Amino acid sequence: MEILRATELDGGKLTALIYGTPGMGKTTLLGMLPGKTLIIDMDKGTSVLRGNEDVDIVRLSEDLHELPEVLKELHVKCEYENVCLDSLSELERGMLAYYGRIGKLDGVPDLQAYNRTDFKLIDLCRQFRALPGNVFFTAWEQQKEITALSGEKYSQARPMLRDKNTDNVCGLCDLVGQIVMNPKDGERYVRLEGSPSCIAKDRLRKRKYCRFDEVIEK
């Protein structure tokens with residue numbers, strides 16, 4: 001057991017989840033992170049980073065069987081400042097599809113497939129978080145109708161994951177950001193302040209917004 005004084009703690013490494021609608025620049029943001037970056041490409045959208053000398057890319061087969069081995073190798077030796085999984089939404093879908101194919105419902109995921117996916121997805125996120133460098137997850141964005149205790153209904157922007165997985169992954173992250181467009185200057189920013197209409201947080205620096213190149217403060 002290790003006991004630390006709060007005054008001795010520093011910002012340390014960062015675990016972040018960045019989400020947004022397609023084309024808003026999630027993968028582009030990963031390519032702007034300072035230092036050497038490894039991207040585990042689930043979406044096959046890393047072509048936008050062509051020519052970036054600071055980025056290495058891993059593309060997995062459809063059955064995802066290499067992912068545990070990649071994680072194992074990174075825990076033995078990680079030469080990257082940033083390790084990114086792009087995206088959790090596609091990973092969740094891929095896991096459900098795989099468990100459906102090996103199940104008994106002609107490719108349709110059953111309850112056991114959903115339970116296995118939920119458990120293994122969060123376990124993988126914990127293993128990523130234990131790596132020595134910064135860890136970034138991306139996810140697609142969805143709008144979900146929420147009913148408050150008062151009965152009032154409102155729409156909330158949130159990562160496109162099953163509800164339980166959204167809550168668990170966001171809980172593991174220091175930073176959860178939604179990519180938004182500023183209509184005044186046409187630039188894209190990361191929204192870091194949560195509200196009923198948006199899941200977001202920055203528990204290390206309490207920022208409301210930041211630019212792509214400011215996600216990791218230098």
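Residues numbered from 1 in each chain as written. Predicted model: local features only at pLDDT ≥ 70, side-chain atom pairs only at ≥ 80, totals over all residues. Heavy atoms only, no water.

Enquirer: With reference to specific residues and values, describe the overall build of the protein.
Expert: Counting secondary structure elements, the protein contains 5 helices and 10 strands. On the principal axes, the C-alpha backbone points of the protein span a range of 50 × 50 × 45 Å. Relative to its 218 residues, the protein shows a buried fraction of 44%. When contacts within the protein are restricted to residue pairs at least 6 apart in sequence, those whose partners lie at least 24 apart make up 61%. When the accessible area of the protein is evaluated, it comes to approximately 12200 Å², of which 49% is carbon and sulfur surface. Measuring between centres, the 32 positive side-chain charges of the protein sit 3 Å from its 35 negative side-chain charges. (Helix = DSSP H or I, 4+ residues; strand = E, 2+ residues; numbered from the N terminus. Buried < 20%, exposed > 50% of the residue type's maximum accessible area, 1.4 Å probe, protein only. Contact = heavy atoms within 4.5 Å. Areas by Shrake-Rupley, 256 points an atom, 1.4 Å probe, with all protein chains shown as cover. Lys, Arg positive; Asp, Glu negative; His and termini not counted. Charge placed at Lys NZ, Arg CZ, Asp CG, Glu CD.)

Enquirer: With reference to specific residues and values, describe the pattern of salt bridges.
Expert: Scanning the entire structure with this criterion turns up 11 salt bridges. One network of salt bridges, in which partners are shared, links Asp118, Arg162 and Lys164. (Salt bridge = Lys/Arg side-chain N within 4 Å of Asp/Glu carboxyl O.)

Enquirer: How would you explain the pairing of strand β5 (residues 134–147) if you had to name every residue and give the values?
Expert: Pairing analysis gives 6 bridges linking strand β1 (residues 15–20) to β5, with the strands arranged parallel. Bridge assignment links Ala16 to a residue of β5, and that residue is Phe136. Counting the residues that bridge the hairpin from β5 to strand β6 (residues 153–159) gives 5 residues, and of these Gly151 lies at a positive phi of roughly 95°. (Pairing = 2+ DSSP bridges.)

Enquirer: Give a detailed account of helix α4 (residues 111–129), specifying residues and quantitative values.
Expert: Quick reminder: α-helices carry 3.6 residues per turn. Residues three or four places apart thus point the same way. A rise of 1.5 Å per residue sets the reference length of α4, with its 19 residues, at 27 Å; its end C-alpha atoms lie 27 Å apart and thus fit the reference within 8%. Buried residues of α4: Ala113, Thr117, Asp118, Leu121, Ile122, Leu124, Cys125 and Phe128, and no others. Buried residues of α4, viewed axially, fall in a sector of 155°; they line one side. Counted as exposed and oriented over 90 degrees from the buried face of α4: Leu111, Gln112 and Phe119. In this structure, the buried residues of α4 make contact with β2 (37–41), α2 (67–76), β4 (82–86), α3 (88–101), β5 and α5 (163–172). (Expected span 1.5 Å × (residues − 1). Arc of directions from axis to C-beta.)

Enquirer: So what about unusual backbone geometry? Which residues, and what values?
Expert: Cis peptide bonds are those with omega within 30 degrees of zero, and the linkage from Asp86 to Ser87 qualifies with 10°. Of note, the phi angle at Asp106 is positive, near 55°, even though the residue is not glycine. Mapped onto the elements of the fold, Asp106 is located in the loop between α3 and α4. With phi around 60°, Lys206 is a residue other than glycine that occupies positive phi space. Mapped onto the elements, Lys206 comes out in the loop between β9 (201–202) and β10 (209–210).

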